[in-house]
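Tertiary structure, described
As a plain string of letters, each chain reads:
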Amino acid sequence: MSKPQKSTVKVRRFSKAFVWAHAVNALSFFALYITALPMYTEFFDWLYPVLGGPEGARLLHRIFAVTFITPTFIWVIFDFKGFKLWMKELVTWKKRDLEFFTEFVKELFGFNFKHVRQTFFNAGEKINSIIQIVTAILIIGSGFPMWFPQIFPKAVVQWAYLLHNVGFGLAIAVVVGHVYLSVIHKNSKPGYSGVITGEVPAWWAQEHYPDWYDEEVAKGNFPEIDANGNPKKPTSPDKNKKKGA
């Protein structure tokens with residue numbers, strides 16, 4: 001017997017401001033990576049003609065360096081409530097967050113696992129966010145002495161090159177894992193639509209973030225659903241039932 005098909009009912013997980021901020025961040029990061037490759041090693045010198053030569057690569061790298069800084073401002077200006085929730089979640093850790101990682105490892109490698117109740121962001125997303133913040137600080141902070149070496153001590157500029165490489169190396173490792181889980185892994189990829197349209201399947205949201213989903217149901221924002229994501233039919237009160245019975 002085939003499994004019942006999941007409902008196509010969707011709920012809003014992210015605001016449009018977050019979707020735009022995420023898109024700008026992702027495109028800027030990959031553009032920075034591509035434009036940096038020929039400057040980092042001769043192996044990628046073949047990219048120079050595509051990028052307009054060494055000067056063109058440097059110019060593009062600096063343009064995308066500026067756009068790389070903008071996503072936080074986009075999110076703060078147009079969805080401060082969502083940004084504040086993100087920051088609050090990053091510093092809120094409970095026992096269940098630690099339990100999440102045990103089950104996550106099982107899920108990652110295809111073993112039987114159980115969903116640990118989570119709020120708007122699960123523990124893995126919190127760790128990903130924290131590492132991304134650290135790497136962004138390293139990349140942006142070290143970028144200024146590299147861009148304006150004339151106003152910084154020579155030692156600072158030298159350290160900046162090292163920290164820039166370390167920051168990008170860590171960021172790439174995190175991004176590879178992030179892309180795999182969001183686009184490829186069978187249990188988490190249904191949520192990929194969240195960063196494209198802001199909406200995710202209701203059944204997926206309830207499975208992965210039950211505490212958050214239940215809060216939204218209580219507020220009247222989300223429908224109550226069954227295991228397949230179909231909205232539950234409201235139960236009509238028994239008209240014949242006597243008061244106090």
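A short tour of the structure in this document, coming up. (Residues numbered from 1 in each chain as written. Predicted model: local features only at pLDDT ≥ 70, side-chain atom pairs only at ≥ 80, totals over all residues. Heavy atoms only, no water.)

What follows concerns the side chain of Asn122. Residue placement: Asn122 occurs in the loop between α5 (95-108) and α6 (123-147). Assessed through its relative accessible area of 9%, Asn122 is described here as buried. A polar side-chain atom of Asn122 sits 2.8 Å from the main-chain amide nitrogen of Glu125. (Helix = DSSP H or I, 4+ residues; strand = E, 2+ residues; numbered from the N terminus. Buried < 20%, exposed > 50% of the residue type's maximum accessible area, 1.4 Å probe, protein only. Polar contact = N/O pair within 3.5 Å; in protein donor to acceptor, adjacent residues only side chain to side chain.)

Taken as a whole and assessed by the stated rule, the structure comprises 21 aromatic pairs. For the pair Phe100 and Phe104, a centre-to-centre distance of 5.7 Å together with 15° between the ring planes defines the contact as stacked. Here Phe100 and its partner Phe104 are both found in helix α5, 4 residues apart, which amounts to about one turn of the helix. Here Phe100 falls in the buried class, since its relative accessible area comes to 12%. (Phe/Tyr/Trp six-rings, centres within 6.5 Å; stacked < 30°, edge-to-face > 60°.)

The next thing to look at is the pattern of salt bridges. On inspection of all chains with the given rule, the structure shows 8 salt bridges. In this structure, Glu125 engages Arg13 in a salt bridge whose closest nitrogen and oxygen atoms are separated by 3.7 Å. Taken together, the residues span a long stretch of sequence, with Glu125 in helix α6 and Arg13 in the loop between β1 (10-12) and α1 (16-40) at a distance of 112 residues. Overall, Glu125 belongs to the partly exposed group, its relative accessible area being 24%. Among the ionic pairs, Arg117 bridges to Asp211, the shortest N-O distance being 2.6 Å. Of this pair, Arg117 sits in the loop between α5 and α6 while Asp211 is found in helix α9 (residues 210-219), placing the two residues 94 residues apart along the sequence. A residue is classified by how much of its surface remains accessible, and Arg117, at 41% relative accessible area, is partly exposed. (Salt bridge = Lys/Arg side-chain N within 4 Å of Asp/Glu carboxyl O.)

The subject of this paragraph is the packing of α1 against helix α3 (residues 53-78). Across the interface, α1 lies against α3 with an axial gap of 8 Å and an inter-helix angle of 160°. In terms of orientation, α1 lies roughly antiparallel with respect to α3. Considering the relative orientation of α1 and α3, their crossing is left-handed. (Axes fitted to C-alpha atoms, helices over the stretch in contact; angles between N-to-C directions. Parallel < 35°, antiparallel > 145°, perpendicular 65-115°, else oblique. Left-handed = near helix turned anticlockwise from the far one by under 90°.)

A grouping of Lys81, Lys84, Lys88 and Lys94 is seen on the molecular surface, where their side chains present a positively charged patch. Structurally, Lys94 can be placed in the loop between α4 (80-90) and α5. Note on Lys94: relative accessible area 48%, which makes it partly exposed. (Patch = residues over 30% accessible without salt bridge, like charges linked within 9 Å, V, L, I, M, F, W, Y side chains within 5 Å. Areas by Shrake-Rupley, 256 points an atom, 1.4 Å probe, with all protein chains shown as cover. Lys, Arg positive; Asp, Glu negative; His and termini not counted. Charge placed at Lys NZ, Arg CZ, Asp CG, Glu CD.)

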